[in-house]
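Per-entry structural report
Next come the chains, spelled out residue by residue.
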There are 2 protein chains.
Amino acid sequence: MEEIDRAIVAALTADGRLSYTDLAEKVGLSVSAVHQRVRRLEQRGVIRGYAARVSFEAVDLPLSAFVAIRPFDPSQPDDAPERLAHLPEIDSCYSVAGEDFYLLLVRVASPADLERLLQEIRTAANVTTRTTVVLSTPYENRPPKINGELSARARSRAAGEAAGSTAG
Amino acid sequence: MEEIDRAIVAALTADGRLSYTDLAEKVGLSVSAVHQRVRRLEQRGVIRGYAARVSFEAVDLPLSAFVAIRPFDPSQPDDAPERLAHLPEIDSCYSVAGEDFYLLLVRVASPADLERLLQEIRTAANVTTRTTVVLSTPYENRPPKINGELSARARSRAAGEAAGSTAG
DNA sequence: ACTGAAACTCTAGGAGA
DNA sequence: TCTCCTAGAGTTTCAGT
(Lines give C-alpha, C1' and ligand atoms only; values in the text may rest on other atoms or scores of the structure.)
Protein backbone atom coordinates (compact mmCIF):
# COMPACT_ATOMS: atom_id res chain seq x y z
CA MET A 1 0.00 0.00 0.00
CA GLU A 2 1.47 3.29 -0.96
CA GLU A 3 0.88 6.96 -0.61
CA ILE A 4 -2.43 7.30 -2.41
CA ASP A 5 -4.07 4.36 -0.64
CA ARG A 6 -2.88 5.73 2.66
CA ALA A 7 -4.36 9.12 1.80
CA ILE A 8 -7.64 7.47 0.91
CA VAL A 9 -7.78 5.50 4.14
CA ALA A 10 -6.81 8.53 6.19
CA ALA A 11 -9.53 10.62 4.57
CA LEU A 12 -12.15 7.94 5.11
CA THR A 13 -11.27 7.42 8.77
CA ALA A 14 -11.77 11.14 9.28
CA ASP A 15 -14.99 11.30 7.24
CA GLY A 16 -16.56 7.99 6.36
CA ARG A 17 -19.19 9.55 4.11
CA LEU A 18 -16.81 11.35 1.79
CA SER A 19 -17.99 10.94 -1.80
CA TYR A 20 -15.70 9.38 -4.37
CA THR A 21 -15.79 12.71 -6.16
CA ASP A 22 -14.38 14.57 -3.16
CA LEU A 23 -11.94 11.76 -2.46
CA ALA A 24 -10.74 11.86 -6.06
CA GLU A 25 -10.09 15.57 -5.80
CA LYS A 26 -8.21 15.10 -2.54
CA VAL A 27 -5.84 12.46 -3.83
CA GLY A 28 -5.52 13.71 -7.40
CA LEU A 29 -6.95 10.79 -9.32
CA SER A 30 -10.05 10.24 -11.42
CA VAL A 31 -13.24 9.22 -9.71
CA SER A 32 -13.12 5.73 -11.21
CA ALA A 33 -9.57 5.12 -10.09
CA VAL A 34 -10.43 6.11 -6.54
CA HIS A 35 -13.54 4.01 -6.63
CA GLN A 36 -11.50 1.01 -7.73
CA ARG A 37 -8.94 1.57 -4.99
CA VAL A 38 -11.59 1.87 -2.29
CA ARG A 39 -13.18 -1.37 -3.45
CA ARG A 40 -9.83 -3.12 -3.26
CA LEU A 41 -9.10 -1.68 0.17
CA GLU A 42 -12.46 -3.01 1.33
CA GLN A 43 -11.86 -6.41 -0.22
CA ARG A 44 -8.39 -6.70 1.27
CA GLY A 45 -9.82 -5.89 4.68
CA VAL A 46 -7.88 -2.68 5.11
CA ILE A 47 -11.22 -0.91 5.34
CA ARG A 48 -13.46 -3.06 7.49
CA GLY A 49 -16.64 -1.05 7.31
CA TYR A 50 -18.23 2.26 8.07
CA ALA A 51 -20.03 3.49 11.14
CA ALA A 52 -21.81 6.55 12.41
CA ARG A 53 -20.32 7.86 15.64
CA VAL A 54 -22.98 8.55 18.17
CA SER A 55 -23.15 10.45 21.41
CA PHE A 56 -23.56 7.70 24.00
CA GLU A 57 -25.24 10.21 26.27
CA ALA A 58 -27.77 10.94 23.57
CA VAL A 59 -28.65 7.28 23.11
CA ASP A 60 -29.07 6.90 26.85
CA LEU A 61 -25.85 4.99 27.61
CA PRO A 62 -24.13 7.66 29.70
CA LEU A 63 -22.13 5.27 31.88
CA SER A 64 -19.00 3.64 30.48
CA ALA A 65 -16.69 1.35 32.41
CA PHE A 66 -13.66 -0.85 31.95
CA VAL A 67 -14.12 -4.33 33.31
CA ALA A 68 -11.00 -6.42 33.83
CA ILE A 69 -11.81 -10.11 34.04
CA ARG A 70 -9.99 -13.17 35.29
CA PRO A 71 -11.22 -16.75 35.37
CA PHE A 72 -12.27 -18.31 38.63
CA ASP A 73 -10.51 -21.43 37.54
CA PRO A 74 -7.52 -20.71 35.29
CA SER A 75 -7.24 -24.34 34.28
CA GLN A 76 -10.60 -24.24 32.48
CA PRO A 77 -10.68 -23.61 28.72
CA ASP A 78 -10.65 -19.88 28.15
CA ASP A 79 -13.50 -18.87 25.87
CA ALA A 80 -14.69 -15.75 27.64
CA PRO A 81 -14.95 -13.58 24.50
CA GLU A 82 -17.39 -15.97 22.83
CA ARG A 83 -19.32 -16.47 26.03
CA LEU A 84 -19.75 -12.72 26.40
CA ALA A 85 -20.25 -11.75 22.77
CA HIS A 86 -24.02 -11.82 23.05
CA LEU A 87 -24.10 -9.03 25.60
CA PRO A 88 -24.75 -5.83 23.64
CA GLU A 89 -23.51 -3.66 26.49
CA ILE A 90 -19.98 -4.83 25.73
CA ASP A 91 -18.46 -2.38 23.28
CA SER A 92 -15.01 -3.95 23.06
CA CYS A 93 -13.10 -6.96 24.31
CA TYR A 94 -9.30 -6.96 24.52
CA SER A 95 -7.08 -9.86 25.43
CA VAL A 96 -4.33 -8.35 27.52
CA ALA A 97 -0.96 -9.12 29.04
CA GLY A 98 -0.68 -8.68 32.79
CA GLU A 99 -2.64 -9.97 35.72
CA ASP A 100 -6.00 -9.87 34.00
CA PHE A 101 -7.03 -11.98 31.05
CA TYR A 102 -9.36 -9.60 29.26
CA LEU A 103 -10.30 -6.00 29.44
CA LEU A 104 -13.85 -5.10 28.45
CA LEU A 105 -15.25 -1.70 27.64
CA VAL A 106 -18.94 -1.58 28.50
CA ARG A 107 -21.71 1.03 28.11
CA VAL A 108 -24.82 1.14 30.26
CA ALA A 109 -27.64 3.47 31.19
CA SER A 110 -27.15 3.49 34.95
CA PRO A 111 -25.21 2.09 37.93
CA ALA A 112 -28.02 -0.41 38.43
CA ASP A 113 -27.56 -1.64 34.87
CA LEU A 114 -23.82 -1.88 35.44
CA GLU A 115 -24.41 -4.02 38.49
CA ARG A 116 -26.71 -6.33 36.55
CA LEU A 117 -24.22 -6.50 33.69
CA LEU A 118 -21.34 -7.43 35.98
CA GLN A 119 -23.38 -10.28 37.42
CA GLU A 120 -24.16 -11.50 33.93
CA ILE A 121 -20.51 -11.31 32.94
CA ARG A 122 -19.42 -13.26 36.02
CA THR A 123 -21.91 -16.03 35.53
CA ALA A 124 -21.70 -16.25 31.74
CA ALA A 125 -17.91 -16.52 31.63
CA ASN A 126 -17.16 -17.84 35.12
CA VAL A 127 -14.84 -14.98 35.92
CA THR A 128 -14.12 -12.40 38.58
CA THR A 129 -14.38 -8.75 37.62
CA ARG A 130 -12.55 -5.58 38.58
CA THR A 131 -14.34 -2.51 37.33
CA THR A 132 -13.08 0.97 36.63
CA VAL A 133 -15.78 3.55 36.01
CA VAL A 134 -15.23 6.18 33.31
CA LEU A 135 -15.93 9.65 34.66
CA SER A 136 -15.56 11.50 31.39
CA THR A 137 -14.10 10.98 27.96
CA PRO A 138 -11.87 13.84 26.78
CA TYR A 139 -11.52 12.08 23.43
CA GLU A 140 -12.22 8.70 21.94
CA ASN A 141 -11.64 6.77 18.71
CA ARG A 142 -9.60 9.42 17.05
CA PRO A 143 -8.55 8.69 13.49
CA PRO A 144 -5.09 7.10 13.48
CA LYS A 145 -2.13 8.78 11.89
CA ILE A 146 -1.50 6.64 8.85
CA ASN A 147 2.05 6.72 7.66
CA GLY A 148 5.05 4.63 6.91
CA GLU A 149 5.61 2.62 3.80
CA LEU A 150 3.37 -0.37 4.13
CA SER A 151 5.73 -3.30 4.24
CA ALA A 152 5.16 -6.73 2.74
CA ARG A 153 4.78 -7.83 6.36
CA ALA A 154 1.90 -5.43 6.90
CA ARG A 155 0.33 -6.36 3.57
CA SER A 156 0.21 -10.03 4.40
CA ARG A 157 -1.22 -9.20 7.80
CA ALA A 158 -3.94 -7.19 6.10
CA ALA A 159 -4.64 -10.05 3.71
CA GLY A 160 -4.78 -12.50 6.58
CA GLU A 161 -7.40 -10.38 8.28
CA ALA A 162 -9.57 -10.30 5.17
CA ALA A 163 -11.24 -13.24 3.45
CA GLY A 164 -8.61 -15.74 2.43
CA SER A 165 -9.44 -15.67 -1.26
CA THR A 166 -8.36 -12.19 -2.31
CA ALA A 167 -5.93 -11.85 -5.15
CA GLY A 168 -2.66 -10.12 -4.37
CA MET B 1 -36.13 10.85 20.47
CA GLU B 2 -38.53 8.13 19.61
CA GLU B 3 -38.67 4.87 17.83
CA ILE B 4 -37.92 5.96 14.29
CA ASP B 5 -34.97 8.12 15.24
CA ARG B 6 -33.59 5.26 17.29
CA ALA B 7 -33.98 2.92 14.35
CA ILE B 8 -32.15 5.38 12.12
CA VAL B 9 -29.29 5.80 14.57
CA ALA B 10 -29.04 2.07 15.09
CA ALA B 11 -28.91 1.43 11.36
CA LEU B 12 -26.23 4.05 10.81
CA THR B 13 -24.02 2.82 13.64
CA ALA B 14 -24.09 -0.59 11.99
CA ASP B 15 -23.54 0.76 8.47
CA GLY B 16 -22.47 4.36 8.23
CA ARG B 17 -22.77 4.43 4.45
CA LEU B 18 -26.40 3.32 4.22
CA SER B 19 -28.21 5.36 1.59
CA TYR B 20 -31.25 7.42 2.51
CA THR B 21 -33.19 5.22 0.15
CA ASP B 22 -32.32 2.06 2.07
CA LEU B 23 -32.78 3.82 5.38
CA ALA B 24 -36.22 5.02 4.31
CA GLU B 25 -37.23 1.49 3.41
CA LYS B 26 -35.94 0.19 6.74
CA VAL B 27 -37.88 2.65 8.88
CA GLY B 28 -40.98 2.97 6.71
CA LEU B 29 -40.83 6.62 5.79
CA SER B 30 -40.25 8.57 2.61
CA VAL B 31 -36.70 9.39 1.58
CA SER B 32 -37.22 13.09 2.31
CA ALA B 33 -38.52 12.46 5.79
CA VAL B 34 -35.55 10.26 6.65
CA HIS B 35 -33.16 12.78 5.19
CA GLN B 36 -34.65 15.49 7.35
CA ARG B 37 -34.41 13.34 10.47
CA VAL B 38 -30.78 12.45 9.83
CA ARG B 39 -29.93 16.12 9.38
CA ARG B 40 -31.59 16.94 12.69
CA LEU B 41 -29.84 14.07 14.46
CA GLU B 42 -26.54 15.40 13.17
CA GLN B 43 -27.35 18.95 14.20
CA ARG B 44 -28.42 17.92 17.68
CA GLY B 45 -25.17 16.01 18.11
CA VAL B 46 -26.79 12.62 18.44
CA ILE B 47 -24.83 11.60 15.34
CA ARG B 48 -21.35 13.05 15.73
CA GLY B 49 -19.88 11.97 12.44
CA TYR B 50 -18.98 9.04 10.29
CA ALA B 51 -15.79 7.02 10.08
CA ALA B 52 -14.33 4.15 8.14
CA ARG B 53 -13.19 1.32 10.39
CA VAL B 54 -9.72 0.23 9.47
CA SER B 55 -7.61 -2.78 10.25
CA PHE B 56 -4.88 -1.38 12.49
CA GLU B 57 -2.65 -4.19 11.38
CA ALA B 58 -3.12 -3.16 7.79
CA VAL B 59 -2.16 0.43 8.47
CA ASP B 60 0.93 -0.75 10.29
CA LEU B 61 -0.22 -0.07 13.86
CA PRO B 62 -0.34 -3.68 15.07
CA LEU B 63 0.48 -2.93 18.70
CA SER B 64 -2.25 -1.54 20.95
CA ALA B 65 -1.85 -0.85 24.66
CA PHE B 66 -3.68 0.65 27.58
CA VAL B 67 -1.67 3.22 29.46
CA ALA B 68 -2.87 4.19 32.92
CA ILE B 69 -1.43 7.51 34.02
CA ARG B 70 -1.04 9.27 37.34
CA PRO B 71 0.57 12.65 38.01
CA PHE B 72 3.99 12.80 39.63
CA ASP B 73 2.69 15.66 41.70
CA PRO B 74 -1.03 15.36 42.41
CA SER B 75 -1.20 18.97 43.63
CA GLN B 76 -0.39 20.32 40.17
CA PRO B 77 -3.23 21.40 37.86
CA ASP B 78 -4.44 18.38 35.98
CA ASP B 79 -4.49 19.07 32.27
CA ALA B 80 -3.09 15.80 30.98
CA PRO B 81 -5.70 15.31 28.21
CA GLU B 82 -4.86 18.63 26.57
CA ARG B 83 -1.14 18.10 27.02
CA LEU B 84 -1.37 14.73 25.31
CA ALA B 85 -3.92 15.53 22.62
CA HIS B 86 -1.26 16.27 20.03
CA LEU B 87 0.09 12.72 20.11
CA PRO B 88 -1.60 10.90 17.24
CA GLU B 89 -0.75 7.49 18.71
CA ILE B 90 -3.36 8.12 21.40
CA ASP B 91 -6.64 6.72 20.17
CA SER B 92 -8.72 7.49 23.25
CA CYS B 93 -8.41 9.20 26.61
CA TYR B 94 -10.71 8.31 29.50
CA SER B 95 -10.87 10.02 32.86
CA VAL B 96 -11.41 7.21 35.34
CA ALA B 97 -12.32 6.54 38.93
CA GLY B 98 -9.87 4.47 40.91
CA GLU B 99 -6.16 4.75 41.58
CA ASP B 100 -5.27 6.11 38.16
CA PHE B 101 -6.32 9.45 36.76
CA TYR B 102 -6.62 8.60 33.09
CA LEU B 103 -6.63 5.56 30.93
CA LEU B 104 -5.26 5.94 27.42
CA LEU B 105 -5.65 3.58 24.51
CA VAL B 106 -2.65 3.86 22.21
CA ARG B 107 -1.70 2.31 18.87
CA VAL B 108 1.86 1.96 17.66
CA ALA B 109 3.90 0.08 15.07
CA SER B 110 6.34 -1.66 17.38
CA PRO B 111 7.56 -2.10 20.96
CA ALA B 112 10.27 0.45 20.23
CA ASP B 113 7.61 2.98 19.26
CA LEU B 114 5.67 2.17 22.40
CA GLU B 115 8.75 2.86 24.49
CA ARG B 116 9.26 6.20 22.77
CA LEU B 117 5.59 7.08 23.17
CA LEU B 118 5.61 6.30 26.90
CA GLN B 119 8.58 8.60 27.38
CA GLU B 120 6.77 11.33 25.50
CA ILE B 121 3.64 10.84 27.58
CA ARG B 122 5.60 11.01 30.82
CA THR B 123 7.45 14.17 29.93
CA ALA B 124 4.55 15.93 28.20
CA ALA B 125 2.07 15.43 31.04
CA ASN B 126 4.43 14.95 33.99
CA VAL B 127 2.93 11.60 34.88
CA THR B 128 3.90 8.05 35.69
CA THR B 129 2.60 5.30 33.44
CA ARG B 130 1.45 1.73 33.90
CA THR B 131 1.06 -0.07 30.62
CA THR B 132 -1.01 -3.09 29.67
CA VAL B 133 -0.25 -4.52 26.26
CA VAL B 134 -3.13 -5.78 24.13
CA LEU B 135 -2.42 -9.28 22.82
CA SER B 136 -5.44 -9.56 20.57
CA THR B 137 -8.80 -7.94 20.06
CA PRO B 138 -11.70 -10.40 19.85
CA TYR B 139 -14.03 -7.47 19.11
CA GLU B 140 -13.96 -3.72 19.25
CA ASN B 141 -16.30 -0.76 18.82
CA ARG B 142 -19.41 -2.81 18.34
CA PRO B 143 -22.56 -0.87 17.54
CA PRO B 144 -24.48 -0.16 20.75
CA LYS B 145 -27.93 -1.53 21.39
CA ILE B 146 -30.10 1.52 21.17
CA ASN B 147 -33.28 1.27 23.12
CA GLY B 148 -35.33 2.89 25.82
CA GLU B 149 -37.49 5.91 25.46
CA LEU B 150 -35.17 8.84 25.17
CA SER B 151 -36.04 10.97 28.15
CA ALA B 152 -35.99 14.75 28.36
CA ARG B 153 -32.88 14.18 30.48
CA ALA B 154 -31.14 12.37 27.68
CA ARG B 155 -32.26 14.98 25.16
CA SER B 156 -30.78 17.85 27.09
CA ARG B 157 -27.60 15.85 27.51
CA ALA B 158 -27.45 15.39 23.76
CA ALA B 159 -28.09 19.07 23.19
CA GLY B 160 -25.40 20.00 25.68
CA GLU B 161 -22.91 17.88 23.81
CA ALA B 162 -23.79 19.56 20.50
CA ALA B 163 -23.40 23.24 19.66
CA GLY B 164 -25.26 25.27 22.24
CA SER B 165 -27.54 26.97 19.76
CA THR B 166 -29.73 24.15 18.54
CA ALA B 167 -33.46 24.56 18.70
CA GLY B 168 -35.34 22.08 20.88
C1' DA C 1 -43.84 16.46 10.16
C1' DC C 2 -44.50 13.76 5.99
C1' DT C 3 -45.19 13.04 0.77
C1' DG C 4 -44.11 13.51 -3.97
C1' DA C 5 -41.66 15.26 -7.75
C1' DA C 6 -37.86 17.62 -10.26
C1' DA C 7 -33.02 18.85 -10.91
C1' DC C 8 -28.83 17.67 -9.95
C1' DT C 9 -24.83 14.81 -8.33
C1' DC C 10 -22.78 10.55 -7.49
C1' DT C 11 -21.98 5.63 -8.26
C1' DA C 12 -20.74 1.74 -10.70
C1' DG C 13 -18.96 -0.58 -14.34
C1' DG C 14 -17.40 -1.20 -19.23
C1' DA C 15 -14.07 0.14 -23.10
C1' DG C 16 -9.68 1.59 -24.27
C1' DA C 17 -4.72 3.03 -23.52
C1' DT D 1 -3.87 0.95 -13.15
C1' DC D 2 -5.35 4.81 -15.10
C1' DT D 3 -8.89 7.92 -17.84
C1' DC D 4 -13.06 8.63 -20.20
C1' DC D 5 -17.80 7.71 -20.77
C1' DT D 6 -22.69 6.43 -19.79
C1' DA D 7 -26.77 4.54 -17.54
C1' DG D 8 -28.84 4.13 -13.51
C1' DA D 9 -29.21 5.33 -8.44
C1' DG D 10 -29.07 8.35 -4.89
C1' DT D 11 -29.28 13.13 -2.96
C1' DT D 12 -31.18 17.41 -2.10
C1' DT D 13 -34.54 20.78 -2.20
C1' DC D 14 -39.05 22.72 -2.71
C1' DA D 15 -43.97 23.08 -2.96
C1' DG D 16 -47.97 21.12 -1.06
C1' DT D 17 -50.77 18.81 2.60
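Everything that follows concerns the structure shown earlier in this document.
Attention in this report is confined to the structure presented alongside it. Just so it is clear, the structure is predicted and the values come from calculations on it, not from any experiment.

If you look at the interface, chain A gives 68 residues, while chain B gives 67 residues. Roughly 6000 Å² of surface becomes buried between chain A and chain B when both sides are summed, with 56% attributable to carbon and sulfur atoms. Area buried by chain A at its contact with chain B is led by Arg17, Tyr94 and Tyr139 of chain A, which between them contribute 13% of it. Counting across the interface, chain A meets chain B through 0 salt bridges. The tally of links between chain A and chain B comes to 42 residue pairs in polar contact (both at pLDDT 80 or more). Elements with a contribution of two residues or more to the side of chain A that touches chain B: helix H1 (3-14), strand S1 (47-54), helix H4 (80-84), strand S3 (90-96), strand S4 (102-108), strand S5 (127-139) and helix H6 (152-161) of chain A. Residues belonging to the side of chain A that touches chain B are distributed by class as follows: 41 nonpolar, 13 polar and 14 charged. Where S3 of chain A and strand S5 (residues 127-139) of chain B come together, 3 bridges link them in antiparallel fashion. Considered in S5 of chain B, the bridge of valine 96 of chain A is made with valine 134 of chain B.

All right, on to the protein's contact with DNA strand C then. Taken together, 13 residues are adjacent to DNA strand C, and Ser32 of chain A together with Ser30, Ser32, Arg37 and Arg40 of chain B come closest. Counting only the atoms of DNA strand C within 4 Å of the protein, the fraction contributed by sugar and phosphate is 69%. At a separation of 2.5 Å, a base oxygen of DNA strand C approaches a polar side-chain atom of serine 32 of chain B. Arginine 37 of chain B places a side-chain nitrogen or oxygen 2.6 Å from a phosphate oxygen of DNA strand C. At the level of elements, helix H2 (20-27) and helix H3 (31-43) of chain A together with helix H3 (31-43) of chain B are the ones that each hand at least two residues to the surface near DNA strand C. It is H3 of chain B that contributes the most residues to the surface near DNA strand C, 5 residues altogether.

Another point: the protein's contact with DNA strand D. The environment of DNA strand D is made up of 14 residues, and the closest members are Ser30, Ser32, Arg37 and Arg40 of chain A together with Tyr20 of chain B. Within 4 Å of the protein, atoms of DNA strand D come from sugar and phosphate in 70% of cases. Take arginine 37 of chain A: an N or O atom from its side chain is 2.4 Å from a phosphate oxygen of DNA strand D. Within the backbone of threonine 21 of chain B, an N or O atom sits 3.4 Å from a phosphate oxygen of DNA strand D. Elements that contribute at least two residues to the surface near DNA strand D include exactly H3 of chain A together with helix H2 (20-27) and H3 of chain B. Tallying contributions element by element places H3 of chain A first for the surface near DNA strand D, with 5 residues. For the surface near DNA strand D, the residue count by class is 4 nonpolar, 7 polar and 3 charged.

The rules behind each value
The residue numbering used here restarts from 1 in each chain and proceeds along that chain's sequence as written. Naming scheme: in the order in which they are written, chains are lettered from A and ligands are numbered from 1. Whole-chain, interface and lining totals are the exception, using all residues; otherwise, since this is a predicted model, local features are given only for residues with pLDDT of at least 70 and side-chain atom pairs are given and counted only at 80 or more. Side-chain measures here rest on the full set of heavy atoms in the structure, leaving out hydrogens and waters. Residues count as neighbours in contact if any of their non-hydrogen atoms are within 4.5 Å of one another. Summed over both partners, the accessible area (1.4 Å probe) lost when two parts come together is defined as the buried area. The salt bridge definition used is simple: a Lys or Arg side-chain nitrogen within 4 Å of an Asp or Glu carboxyl oxygen. By the criterion applied in these results, polar contacts are pairs of N or O atoms within 3.5 Å in which, for protein atoms, one can donate a hydrogen and the other can accept it, and in which residues neighboring in sequence qualify only through two side-chain atoms. In DSSP terms, a helix is any run of H or I states spanning at least four residues, a strand is any run of E spanning at least two, and both are numbered starting from the N terminus. Three classes are used: nonpolar for Ala, Val, Leu, Ile, Met, Phe, Trp, Tyr, Cys and Pro, charged for Asp, Glu, Lys and Arg, and polar for all others, with Gly counted as polar. When DSSP locates at least two bridges between a pair of strands, those strands are taken to pair. The near set for a molecule or strand comprises every residue that places at least one heavy atom within 4 Å of it.

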